[in-house]
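Given next are the chains, with one letter for each unit.
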Protein chains: 4
Amino acid sequence: MPTATHISLRTRYTQIRQQSEQLCAPLATEDYVVQPSPDVSPPKWHLGHTTWFFENFLLVPYLKDYTVFNPKYPFFFNSYYESQGPRVHRSHRGNMTRPSVEDIYKFRKYVDQHLLELIEQIETSDESWATEARFTLEVGLQHEQQHQELLVTDIKYILGNNPLFPVYDPREPSRAELIRLAKWIEMDAGLYTIGHLGDDFCWDNELNAHQVYLQEYAIQDRLVTNGEYLEFMLAGGYDNHEHWLAEGWDWVKGLESKSPLYWYAVEGKAWHHYTLQGFRPVDLNLPVTHVSYFEADAFARWKGLRLPTEQEWEAACRVAEPQISGNFLEQNHWHPHGVGQRVATQFLGDVWEWTASAYLPYPNYPRFKGALGEYNGKFMINQMVLRGGSVATPQSHMRVSYRNFFQTDKRWQFTGIRLAR
Amino acid sequence: MPTATHISLRTRYTQIRQQSEQLCAPLATEDYVVQPSPDVSPPKWHLGHTTWFFENFLLVPYLKDYTVFNPKYPFFFNSYYESQGPRVHRSHRGNMTRPSVEDIYKFRKYVDQHLLELIEQIETSDESWATEARFTLEVGLQHEQQHQELLVTDIKYILGNNPLFPVYDPREPSRAELIRLAKWIEMDAGLYTIGHLGDDFCWDNELNAHQVYLQEYAIQDRLVTNGEYLEFMLAGGYDNHEHWLAEGWDWVKGLESKSPLYWYAVEGKAWHHYTLQGFRPVDLNLPVTHVSYFEADAFARWKGLRLPTEQEWEAACRVAEPQISGNFLEQNHWHPHGVGQRVATQFLGDVWEWTASAYLPYPNYPRFKGALGEYNGKFMINQMVLRGGSVATPQSHMRVSYRNFFQTDKRWQFTGIRLAR
Amino acid sequence: MPTATHISLRTRYTQIRQQSEQLCAPLATEDYVVQPSPDVSPPKWHLGHTTWFFENFLLVPYLKDYTVFNPKYPFFFNSYYESQGPRVHRSHRGNMTRPSVEDIYKFRKYVDQHLLELIEQIETSDESWATEARFTLEVGLQHEQQHQELLVTDIKYILGNNPLFPVYDPREPSRAELIRLAKWIEMDAGLYTIGHLGDDFCWDNELNAHQVYLQEYAIQDRLVTNGEYLEFMLAGGYDNHEHWLAEGWDWVKGLESKSPLYWYAVEGKAWHHYTLQGFRPVDLNLPVTHVSYFEADAFARWKGLRLPTEQEWEAACRVAEPQISGNFLEQNHWHPHGVGQRVATQFLGDVWEWTASAYLPYPNYPRFKGALGEYNGKFMINQMVLRGGSVATPQSHMRVSYRNFFQTDKRWQFTGIRLAR
Amino acid sequence: MPTATHISLRTRYTQIRQQSEQLCAPLATEDYVVQPSPDVSPPKWHLGHTTWFFENFLLVPYLKDYTVFNPKYPFFFNSYYESQGPRVHRSHRGNMTRPSVEDIYKFRKYVDQHLLELIEQIETSDESWATEARFTLEVGLQHEQQHQELLVTDIKYILGNNPLFPVYDPREPSRAELIRLAKWIEMDAGLYTIGHLGDDFCWDNELNAHQVYLQEYAIQDRLVTNGEYLEFMLAGGYDNHEHWLAEGWDWVKGLESKSPLYWYAVEGKAWHHYTLQGFRPVDLNLPVTHVSYFEADAFARWKGLRLPTEQEWEAACRVAEPQISGNFLEQNHWHPHGVGQRVATQFLGDVWEWTASAYLPYPNYPRFKGALGEYNGKFMINQMVLRGGSVATPQSHMRVSYRNFFQTDKRWQFTGIRLAR
């Protein structure tokens, strides 16, 4: 990660920690507390959990004479680490009014002070503990960046399911230009290398880089738009079982609105949707987002096409868009751009793209050691891989080999569709 | 209601409205928002709902040129009035971070100003609308007092299910004196009059007063204590099906702790429980509270006794404790007293007493007209009657004929036990 | 019970036992096995359970050297007796293909042989065990008669929820004459005696006879008909919340068909319903049946009337129809008659009439001793009382004081409506 | 499929149809009816459904003047074909006592007669309809063979969850010899061809054959045994979260017995399990079976090993056991053999082996046309692939490329474990 070499650890730590707090700046205290779906965590929980991560995995083992801020906090802020003891049941996070937002910010400050102290010790030591700690620190920073993405999507869910549709950012969104037709990127059959290359940080699930044989295939050079998705809706796509997986068809029957999440039919008007800039008409030229795997898969089948596998996606991305750049969190845009607004092919940024690949370990998958081994590996079942990052993903956190993963019915992330054949 | 005649309507309105806000004074903003159980509503919802009641049933129909504070608020603050349009699903109240606490206090202020204006008009008019409005105003005030009780119990639930056990009132609770033995109040067989007498306000469910024939019976002159209930626990009361109704036995199997709500077994120590004054040892001389009907009924059966019917309770109360006085909300005590602390027989105040009577209409039950008809009548099924009021009930809201009602598994109210034979 | 004195115990035992088997005669083996709802038990289970009752409570304690037919059977055939050990979970009865129907008939034969032996011993002994055993035998016979009713209703449910609508009895049903208007039976206010009188057998829940004071009331002299109920349906009764209890309104929303159970809208034709004589047009002159308490209560409210309490029902029945006679099981009619078909007022037979009374103990309720104490008392919560017996109730099992009870949403029994004011 | 070429279609049809009926020969009528779990279908449903398949997809479209046996049967016997109209909800199959077993056998006879007629027409025609029909006939036969496997496993579930543990086949099972140590089959890295080769029948999901690149790997030459699995159990395998996927760990918490399905701890004795030959001690030398994916995966992780992917499995099987032979349905053995009982490496027969591969389409997957397109493709999500066939699989139905698939928590099939590294 070039960033890490150019700026000091201290600066990087501070920037990342501040970024999380800035994301919460527009919130009312009330918005920090609730959990309108088990998938969503209260923003104050995210702020506390990421802080607990640093305290628990760095300050406690490595900073001499460190006193934990509050011995009851681990019970609140441990997420799913069985090895780290009991914790609030995930679906009860939204019942916990305390610690208060104010106390959690105090907790952050306390941990930050001590962490900066520890960073100094790490940087001036060449003992093995310092190498270990430096790695864990990197994990902690990456972890906080992941929760920045969740902060954005969870805040959107909290505000977007409130009938007042509170505006998170009052700036006018930029408008999309007229969309161009999608073109096909043709890829030859052959052996491709998949997985993380280089020495910089990556998650264990991106390792090890390995060869795969791909059949000849083609992949589109832009994302599917709202306009294209609306055609599917108008063609009765949600009412015809032929397009759907059996499990998806059951899922469709339970939907309140046969549309992407956050879309609302407004009588006598075009479809509207909630965005972090407020309740607005759906712009047909922008990429469709907040669709489930079931919807992405059904749309592709209706088109007579399919979703790419994650290997196909990665091989094409390495050719078309090898540099990490795009509509990411740092742009504070909060919504996918249209393809006309950028030169690129939208592989990176904008939306996470559902792939046709199940989330499973790569050959010779090296699970992280110790408690961090619970980070990725134990979730490798019954989820699908998404690629490319979204408007809510920090750019400095992204890699071409990055594997995101969700269950097939999840839609509250900025998820979207790219077609292959 | 003598109060109403001695103090002006204006003063009474203002006092009751302020009382609700004072009950919330110890809360952090976060505490106003959540709903840890479908039975519990967020404190900010109670503040908004009672205000909506005044706006919707008084200002809108009776105050000329009144503009509603916010036309979207009824969707948030209508509780269960089918006739008053759609509303947030009851179990989603805790997902609504907006309107904010601050906005709800503004809503209250706005409605209060207009309501005082309306009161002036009511008091100076002798037209029929004014009689109607005066009645609805009385209902609104009584309604707000009911929600004061719920504010106390819901705040207790929100704080008491947080592992930090936040203290609501830091004052030291008074201690109970040694408990005296219960004595029997013997009652003759014969005709008794049951239901509300007099012209002052009462709920429709207390009407009409009517005669009932009671067999000879006896009823205890004090409440069952924690000490007596603990005997039941130590005797294996929760493990022996013979004491329990079949439905209660199923309910017991699902309990996390075989004890009243808020009780915790602390290793190596006596039982503790959460009170609004904090986490404290259970005082054996105080009345047991936070028990379900199933527990009250099982305890009575274990004792070889039974619960009184509501008629038996009322007939005895009219003899033993005809004046409304006792450990009510106005005392700010937040927990039942021991019987030694008062001269009375604890019929009134302290805890709501489960009776053996189902909540059903009295003969010739006159349901309120119009939308207010939904107030009581539609809940008259599958609930049991409780009598006497609790520490969370405003004294000025209580009557000997007052009928409270809950499902048999509910425990978050200050519920308790009196025995009969 | 005059029957018991006129015919020998031996004969009576044999007749009742044969009656159960005759009710199953029209069944295919397959029909004996399934449980399409947790409320419904497989017919073979009823046959086995009633037999277990005799074996367990009579042969085992009283018949010397008796060997149980199969020591594993109690696990299958104990219904809900906690004191009698573990058992198949109620909702799993329909998963048990064995013991086979044939084996259960062998079990019946085996128990019958031994029971007749025991009856001889009982009749020739004047020791106290014989008195005890004679009482338990009576309970066993009454118990088997209760299960005869359940056999009829459960068989109806099994066949009536099969799209082939198998015919249980191919005989043509008799047709109702034109219905006459209902008249009011006026009853004075005053003290009435309620509960079982006399020395013959009754359930503990009918004891003790006691006085109640009733206000002046009136009760209709016939049951509500399908035609009257259809008016309610056509007037949008199921779509107007004002008629319904809150819990009933929730229940209505989940109904597949807004009509009584077994009713089907047949395109271009009148409403049809499933009867044990097959799928037939609904006869508007016959009493409505298979309605829930919620429906009975809503219908009454729509009419501006109400359901009678069980005391009002009993007091009126003692006047209007003191002799037990009517359209009962012995008539093999399987469906309620019209009022024109009999001289009586339909208090007895035809349908169980929902009353406005909760199922609770009478004053000084004397629960049966020992294991039989589980028979009635533990179900006295969250159920409503029904009175009068139905086409599926053996006439020799009925009393004016008989209290049946079901939860408010149950409809698979032959339940109906009588109005009061 | 060589079989198909050597014996006449007519003979093959007749044999396969008879095989299904022979599997049901040991059943009592009652055993045909129930559905103790939504995964399990009543045996009579299997007999009807496979028959409906022939009627609906062959006789109706291809046999001139064919009259359906009963126009209501499709409602009962359509499984999941949305294109073929409404049907009994899957979980209600066990509530349908009719059509009776006898009627279903008549239905089979009727369809068989007409089908044999149609076969004659097919064999003597060279029109395109005949080619089409011949294909559909092949699908129908393969389909019936799949249901033979389900008949065996569903019968086992029905009998094995009955406390009487009825014996399906009273013959004494053969005993396993002492187990030998597992050896590693070492496989080189490189390109391998995966999928069906040749012109004989296969499912669409085995197509198209394609190249994959495999890393170097090794796979064991026999299945994991009960003895090895018991070591895992005794080492506390079910109590240590480190071995389990997160979803698996949640699943474990809900288990009644921490053991494979059908295992019972018998006080003072070795573990027993239910087999179709009765309730017997677990033989430590036989392959473990009736384990979920979660258990297979956890066991492998505990061993420091892993499950093979389906490609690794297929590549190794093509080397080690290219001929289809083994302990299959035709042997009527009903339980896996020990490895000592056969020369082979147990790739084929005995148990379905869980692989580490999600059930997803192969490149250029050619879904069957028309209604049969619903056969496989719509289930390609959230399931894992199993390979190799079991004691319940007809040998003539098996191929090395055969892909079976189940959700990760399913255990009622004969599932087992082979390790890789």
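Reading guide: rules and limits
Residues numbered from 1 in each chain as written. Chains lettered and ligands numbered in written order. Predicted model: local features only at pLDDT ≥ 70, side-chain atom pairs only at ≥ 80, totals over all residues. Heavy atoms only, no water. Axes fitted to C-alpha atoms, helices over the stretch in contact; angles between N-to-C directions. Helix = DSSP H or I, 4+ residues; strand = E, 2+ residues; numbered from the N terminus. Parallel < 35°, antiparallel > 145°, perpendicular 65-115°, else oblique. Left-handed = near helix turned anticlockwise from the far one by under 90°. Contact = heavy atoms within 4.5 Å. Nonpolar A, V, L, I, M, F, W, Y, C, P; charged D, E, K, R; others polar. Pairing = 2+ DSSP bridges. Buried area = accessible area lost by both parts, 1.4 Å probe. Salt bridge = Lys/Arg side-chain N within 4 Å of Asp/Glu carboxyl O. Polar contact = N/O pair within 3.5 Å; in protein donor to acceptor, adjacent residues only side chain to side chain. Buried < 20%, exposed > 50% of the residue type's maximum accessible area, 1.4 Å probe, protein only. Least-squares fit on C-alpha atoms with pLDDT ≥ 70 in both. Expected span 1.5 Å × (residues − 1).

1. A word on the packing of helix H5 (residues 101-123) of chain B against helix H6 (residues 128-160) of chain B
Residues and elements named next belong to chain B. Direction vectors running N to C along H5 and H6 enclose 140°, while the axes themselves pass 10 Å from each other. It follows from the interaxial angle that H5 and H6 lie oblique. As H5 runs across H6, the sense of the crossing is left-handed. Taken together, the residues of H6 that come into contact with H5 (itself represented by Arg 108, Leu 115, Leu 118, Ile 119, Gln 121, Ile 122 and Glu 123) are Trp 129, Ala 130, Ala 133, Arg 134, Leu 137 and Glu 144. Of the residues assigned to the contact of H5 with H6, the class counts are eight nonpolar, one polar and four charged.

2. Side note on the sheet that holds strand S9 (residues 384-387) of chain A
One key point about sheets: their strands pair by backbone hydrogen bonds, in either a parallel or an antiparallel sense. Spatially, the four strands line up as an open sheet ordered S10-S9-S8-S11 (chain A), and their pairing is mixed. Because the sheet does not close on itself, it has two edges, and the strands there are strand S10 (404-406) and strand S11 (415-416) of chain A.

3. Quick notes on the interface of chain B and chain C
Contacts between the two partners involve 33 residues from chain B and, on the opposite side, 34 residues from chain C. In total, chain B and chain C occlude about 2,500 Å² of area from one another, counting both sides; carbon and sulfur atoms represent 58% of this. Our enumeration of links across chain B and chain C arrives at zero salt bridges. Summed over the shared surface of chain B and chain C, the result is 10 residue pairs in polar contact (both at pLDDT 80 or more). Every element with two or more residues in the side of chain B that touches chain C is listed here: strand S3 (210-214), helix H8 (246-253), helix H9 (293-302) and strand S8 (352-358) of chain B. Looking at side-chain class alone, the side of chain B that touches chain C contains 17 nonpolar, nine polar and seven charged residues.

4. What to know about helix H8 (residues 246-253) of chain A
Along an α-helix, residues three or four positions apart point the same way, because every turn accommodates 3.6 residues. Within H8 of chain A the residues assigned to the buried category are Ala 246, Gly 248, Trp 249, Trp 251 and Val 252 of chain A. For H8 of chain A, the elements touching its buried residues are helix H9 (293-302) of chain A.

5. Quick look at the arrangement of the chains
At the C-alpha level, the nearest point of chain A lies 15 Å from chain C, with no contact between them. Separated in space, chain B and chain D share no contact, their closest pair of C-alpha atoms being 15 Å apart.

6. With respect to the relation of the copies chain D and chain C
For the pair chain D and chain C, the best superposition has an RMSD of 0.0 Å and corresponds to a rotation of 180° with a translation of 0.0 Å parallel to the axis. Here the copies are linked by what is in effect a two-fold axis. When C-alpha positions in chain D are compared against the rotation axis, the closest is assigned to Glu 30 of chain D, at 2.9 Å. A share of 100% of the interface residues of chain D reappears at the interface of chain C, consistent with the copies meeting face to face through the same patch.

7. Some remarks on the environment of Met 380 of chain D
Along the polypeptide, Met 380 of chain D turns up in the loop between strand S8 (352-358) and strand S9 (384-387). Through-space distance from the C-alpha of Met 380 of chain D to that of Pro 361 of chain D is 6.9 Å; in sequence the pair is 19 residues apart. Ignoring anything within four residues of it in the chain, the contact list for Met 380 of chain D reads Leu 245 of chain A together with Asn 205, Tyr 359, Leu 360, Pro 361 and Tyr 365 of chain D.

8. Description of helix H6 (residues 128-160) of chain C
Here H6 of chain C spans 48 Å end to end across 33 residues, near enough to the 48 Å set by a 1.5 Å rise per residue. Here H6 of chain C lies mainly inside the structure; 25 of its 33 residues are buried.

9. Notes on the interface of chain D and chain C
At the junction of the two partners, chain D supplies 28 residues and chain C supplies 30 residues. Overall, the association of chain D and chain C removes approximately 2,300 Å² of surface from exposure, summing both partners, and the carbon and sulfur fraction of that is 62%. When the buried area of chain D at its contact with chain C is split by residue, Glu 30, Arg 98 and Leu 164 of chain D rank highest and sum to 28% of it. At the junction of chain D with chain C, the criterion picks out two salt bridges. Asp 31 of chain C is paired through a salt bridge with Arg 98 of chain D; the nearest N and O atoms lie 2.5 Å apart. Counting every contact that joins chain D to chain C gives 10 residue pairs in polar contact (both at pLDDT 80 or more). Taken together, the elements giving at least two residues each to the side of chain D that touches chain C come down to helix H4 (73-77), helix H5 (101-123) and helix H6 (128-160) of chain D.

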